[in-house]
Amino acid sequence: MSDSKWPTVETADSLRDHFLIAMPSLTDPIFNRSVTYICDHSDQGAMGIVLNQPLELKMGDVFDQLSIEYNSTLDNYPVLAGGPVDMQRGFVLHRDQGTWDSTLRITSEISLTASRDIVAAIAREQGPKHAQFALGYAGWSPGQLEEEISANSWLIVPADTGIMFDTPVEDRWGATARQLGVDMNLISTTAGHA
């Protein structure tokens, strides 16, 4: 992924390694009540993985589709809808363990890999112990994410690996908002500016 179209040079106001918390007014089915981890953000656009929208598909289905033998304990591990872009492509968001064919290093601790070798290693239980598998990603053209933030579609908070890897998928939206001291159930679905 280091040779992908996503830039790796950050600007001073980059949201890389931050969570976007969808405001209640964001009703798009893909992003409603979502938490998105920003993997890259520059003047060329932004890219992230939605962390709390599980698909009906499970990891066993992915391994079967790729004809990869796997340990049956991984059969029901969730597959996330990472976003609406390129939903046939798989991404593994993981703690930075191992060397893989196509990896974007996000921080010294977190990486995003989009290659078959990491999926095969996970199937053999030789991959990263902390990993999230997603199909697709969320992408924004230059300035688009900034416009959405100005329109009160998102709250922003620094990323927390505990929420990414240790918090149940269904609890991530509320847990992320609590980092800001916000109860999302008390926020109006109507945005406004003072």
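Residues numbered from 1 in each chain as written. Predicted model: local features only at pLDDT ≥ 70, side-chain atom pairs only at ≥ 80, totals over all residues. Heavy atoms only, no water.

Some words on the confidence of the model for the protein chain
Basically, it comes down to this: The pLDDT score gives, residue by residue, the confidence of the prediction method on a 0 to 100 scale. In what follows, residue pairs with any heavy atoms lying within 4.5 Å of each other are defined as contacts.
Averaged over all residues, the pLDDT of the protein chain equals 86, while 88% of them reach at least 70. Contacts for the low-pLDDT stretch residues 1–11, under 50 throughout, to residues beyond four places or in other chains number 30 contacts.

Describing the nonpolar core
Note the following rule: Throughout this description, the term nonpolar core refers to a set of buried Ala, Val, Leu, Ile, Met, Phe, Trp, Tyr and Cys residues connected via side-chain atoms within 4.5 Å. The buried label goes to any residue with under 20% of its type's maximum accessible area, the exposed label to any with over 50%, and the partly exposed label to all in between, with areas taken from a 1.4 Å probe on protein chains only.
Within the largest apolar cluster, 39 residues are counted, with the highest numbers of intra-cluster contacts made by Tyr 37, Cys 39, Ile 49 and Leu 93. Counting 17 residues, the second-largest nonpolar core is a separate cluster that includes Met 59, Ile 118, Ile 122 and Ala 131.

Quick look at unusual backbone geometry
Rules: Elements are defined by DSSP. Helices are runs of H or I of four residues or more, strands are runs of E of two residues or more, and each kind is numbered from the N terminus.
At Ser 67, a position not held by glycine, the phi torsion is positive, near 55°. Mapped onto the secondary structure, Ser 67 falls in the loop between helix H1 (59–65) and strand S5 (78–81). You can call Ser 67 exposed: its relative accessible area is 66%.

A short note on the pattern of salt bridges
To keep things clear, this is the line we draw: The rule for a salt bridge is simple: a side-chain nitrogen of Lys or Arg has to be within 4 Å of a carboxyl oxygen of Asp or Glu.
Considering all chains together, one arrives at two salt bridges under this definition. In this structure, Arg 16 engages Asp 40 in a salt bridge whose closest nitrogen and oxygen atoms are separated by 3.3 Å. Placement of Arg 16 in the segment before strand S1 (18–22) and of Asp 40 in strand S2 (residues 35–42) is noted, with a sequence separation of 24 residues between them. For Arg 16, a relative accessible area of 8% puts it in the buried group. A relative accessible area of 1% places Asp 40 in the buried class. A salt bridge links Glu 109 to Arg 95, with the shortest nitrogen-to-oxygen separation between them at 3.0 Å. Here Glu 109 is found in the loop between strand S7 (103–105) and strand S8 (110–113), whereas its partner Arg 95 is found in strand S6 (residues 85–95), with 14 residues between them in sequence. Classification of Glu 109 as partly exposed rests on a relative accessible area of 36%.

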